[in-house]
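# Inside the fold
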Amino acid sequence: MTIPVIIDTDTAQDDCVTIIAGMMDPVAEVRAITMVAGNVGFDQQVRNAHLTLNALGMLGEVPIFLGCRRPVLVPWVSAENVHGDGSGGLRIDEQGLRTEDEHGVDALLRLTAEAPGEISIVAIGPLTNLAVAAIKDPTFPARVKRLVIMGGSNNGRGNITPAGEFNFYVDPHAARIVFEAGFDITLVPWAPLTLNDAVFKRDQLAEIASLGTPLSEFFGHVCASTLAFDESVGIPGTTHPDSLSLTVLLHPELVTRSARQHVAIECDSELTRGYSAISWGVHGLEPNAEVIEAVDGEAFYAYLKGILATRTEPNRPYLARG
Ligand code: RIB
Ligand code: CA
């Protein structure tokens, strides 16, 4: 039994790893990739998605729809200081590469209307596309089987600010709309979960590099900038919250602790913009999300390493660096 999924992404670094896992895991049936403004420039994110499909040897095998190029209210904020261009400077001949004409928001609405209750969405960037879709069609949340969101922190530190995790910080208003729209939400937070169970340390990265496959080489390229940034801020390796979000959907047996909680998003304070206030069940607030609190980190690493060990035939060669 496969799991139909749409990946809504601001494609850079671990977003690329998520697309790899979705396209390689036989449990997953990736119906679409929808692009949203987030990590790096929008057009660079589209390039990163094509580079990822190229490394898989799957260029053109999944439709890419272009969604919102900016947050619903506040100006876009970049994470290029963290991810560089998101793909380690890789380039391929882009002749003939295409994306769909239909807007990403309309694709989310159409695909879920054609298969109500069947498709899950893994949202691993700012939630702009999801929020605009829910505003345009209030019946949208009810026909999404499950919405797995990477974002926020569970009474823990942010990353772009002390309180704000990047996805919720970039578009806090979209995040508030989504958490109030009636989706069946599973939340994969930055802290403490990602920092505890989804950081690949140098020895693990060396193991992946030693695999010597096109996917392991691509993984090294896309993670290089983020590794340098992470280590500069005291995180001992590369962070993988996006690929963990897809893994939680495909392999729930890896989840070792979770709880239904109420999640609310701060939009008005610059100091705490994007903060996810997650109640621990003593404030009389109706839960609106299943919050993942711990996973089997070793099993998660082994799962991704197994995927990266699979040999693929990239569609196109990489161009020499200018
Ligand atoms: O805070 C981590 C999140 O922000 C990840 O999804 C990363 O790709 C960036 O989008
Ligand atoms: Ca992301």
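The coordinates are above.
Residues numbered from 1 in each chain as written. Chains lettered and ligands numbered in written order. Predicted model: local features only at pLDDT ≥ 70, side-chain atom pairs only at ≥ 80, totals over all residues. Heavy atoms only, no water.

### Considering the overall build of the chain
Going by this rule: The helix and strand labels rest on DSSP assignments: H or I over at least four residues marks a helix, E over at least two residues marks a strand, and numbering proceeds from the N terminus. C-alpha atoms define the radius of gyration, and 2.2 Å times the number of residues to the power 0.38 defines the globule rule. Think of it in three bands: with a 1.4 Å probe and only protein chains considered, a residue is buried below 20% of the maximum accessible area for its type, exposed above 50%, and partly exposed in between. Note on contacts: a residue pair qualifies if any of its non-hydrogen atoms lie within 4.5 Å across the two residues.
Helix and strand counts for the chain stand at 13 helices and twelve strands. The C-alpha radius of gyration of the chain comes to 18 Å, within 12% of the 20 Å expected for a compact globule of 322 residues. Across its three principal directions, the C-alpha atoms of the chain cover 55 × 40 × 40 Å. Burial status across the chain gives 57% buried among its 322 residues. Across the chain, every contact between residues at least 6 apart in sequence was considered, and the portion connecting residues at least 24 apart equals 85%.

### Section: the site of ligand 1
Heads up, the condition is: Being near a molecule or strand, for a residue, comes down to having at least one heavy atom within 4 Å of it. N or O atoms closer than or at 3.5 Å make up a polar contact, with two conditions inside protein: a donor-capable atom paired with an acceptor-capable one, and, for residues adjacent in sequence, both atoms drawn from side chains. With residues, only the protein chains shown are counted as cover, and all accessible areas are computed by Shrake-Rupley using a 1.4 Å probe. When residues are sorted by character, Ala, Val, Leu, Ile, Met, Phe, Trp, Tyr, Cys and Pro go into the nonpolar class, Asp, Glu, Lys and Arg into the charged class, and all the rest, Gly among them, into the polar class.
Surveying the vicinity of ligand 1 reveals the residues D10, D15, N39, I124, M150, N159, E165, F166, N167 and D242. Contact between ligand 1 and D10: an oxygen atom at 2.8 Å from a side-chain N or O atom of the residue. Between ligand 1 and N167, the relevant distance is 2.8 Å, taken from an oxygen atom to a side-chain nitrogen or oxygen of the residue. Here ligand 1 has 270 Å² of accessible area as a free molecule, and 95% of this is covered by the chains. Here the residues of the shell around ligand 1 are counted per class, giving three nonpolar, three polar and four charged.

### Description of the environment of G234
Mapped onto the elements of the fold, G234 is located in the loop between helix 11 (214–232) and strand 8 (238–239). Among the residues examined, G234 registers a relative accessible area of 60% and is labelled exposed. Remark: the alpha-carbon pair of G234 and Q45, spanning 189 residues in sequence, is separated by 26 Å.

### Things to note about the coordination of the calcium ion (ligand 2)
Selection rule: Because no water is among the atoms considered, metal sites can look incomplete, with donors defined as N, O and S atoms within 2.8 Å of the metal, or 3.2 Å for Na, K and Ca.
The protein atoms that coordinate the calcium ion (ligand 2) are D10 (OD), D15 (OD), D15 (OD), I124 (O) and D242 (OD), at distances of 2.2 to 2.7 Å. By relative accessible area, D15 is classed as buried at 1%.

### Some thoughts on the nonpolar core
Defined as follows: Working definition of a nonpolar core: buried Ala, Val, Leu, Ile, Met, Phe, Trp, Tyr and Cys residues. They are joined through side-chain atoms within 4.5 Å.
Membership of the largest hydrophobic core comes to 60 residues, with the highest contact counts inside it found for M23, L53, F200, F218, F219 and L244. At seven residues, the largest contribution of residues to this core is made by helix 2 (residues 42–56). In this structure, C68, V105, L130 and F179 belong to the second largest nonpolar core, which totals 35 residues.

### So, the packing of aromatic side chains
Counted only if it meets this: Centre distance within 6.5 Å is the pairing criterion for rings of Phe, Tyr and Trp, where only the six-membered ring of Trp is used; planes under 30 degrees apart are then read as stacked, over 60 as edge-to-face, and the remainder as tilted.
Counting across every chain of the model gives four aromatic pairs. Taking 5.7 Å as the distance between ring centres and 80° as the angle between the ring planes, the aromatic pair formed by F168 and F179 counts as edge-to-face. Here F168, found in helix 7 (residues 166–170), pairs with F179, found in helix 8 (residues 172–179); they are eleven residues apart in sequence, far enough to count as distant. Overall, F179 belongs to the buried group, its relative accessible area being 5%. Their ring planes at 50° and their centres at 5.7 Å tell us that F200 and F300 sit as a pair that is tilted. On the criterion of sequence distance, the pair formed by F200 in strand 7 (residues 199–200) and F300 in helix 13 (residues 297–308) is long-range, its members being 100 residues apart. Overall, F200 belongs to the buried group, its relative accessible area being 2%. Cluster of aromatic residues (ring-pair linked, three or more members): F200, F300 and Y301.

### Description of helix 13
The condition that has to hold: Take the number of residues in a helix, subtract one, and multiply by 1.5 Å to get its expected span. By construction, the arc corresponds to the directions joining the helix axis to the C-beta atoms.
Across its twelve residues, helix 13 extends 17 Å between first and last C-alpha, which sits within 8% of the 16 Å expected from 1.5 Å per residue. Those residues of helix 13 that fall on the buried side of the exposure criterion are F300, Y301, Y303, L304, I307 and L308. Looking down the long axis of helix 13, one finds its buried residues gathered within 160° of arc, a one-sided arrangement. Where helix 13 begins, the side chain of D296 points an oxygen toward the backbone nitrogen of E298, at a separation of 3.2 Å.

### Some points on the sheet that holds strand 1 (residues 3–9)
In sheet architecture, strand pairing relies on hydrogen bonds along the backbone and comes in two forms, parallel and antiparallel. Operational definition: For two strands to pair, DSSP has to find at least two bridges joining them. Comment: axis = line fitted to C-alpha atoms, over the contacting stretch for helices; angle = value between 0 and 180 degrees taken between N-to-C directions.
The eight strands are arranged 3-2-1-4-5-6-12-9 in an open sheet whose pairing can be described as mixed. Edge positions in the sheet fall to strand 3 (64–66) and strand 9 (255–261), since each of these pairs with one other strand and no more. When strand polarity is set aside, the average angle formed by the axes of neighbouring strands in this sheet is 25°. Alignment of strand 5 (residues 147–150) against strand 6 (residues 185–188), held across four bridges, turns out to be parallel. Across the sheet, the residue bridging to M150 is V188, located in strand 6.

Everything listed is a geometric property; what it means functionally is a separate question.
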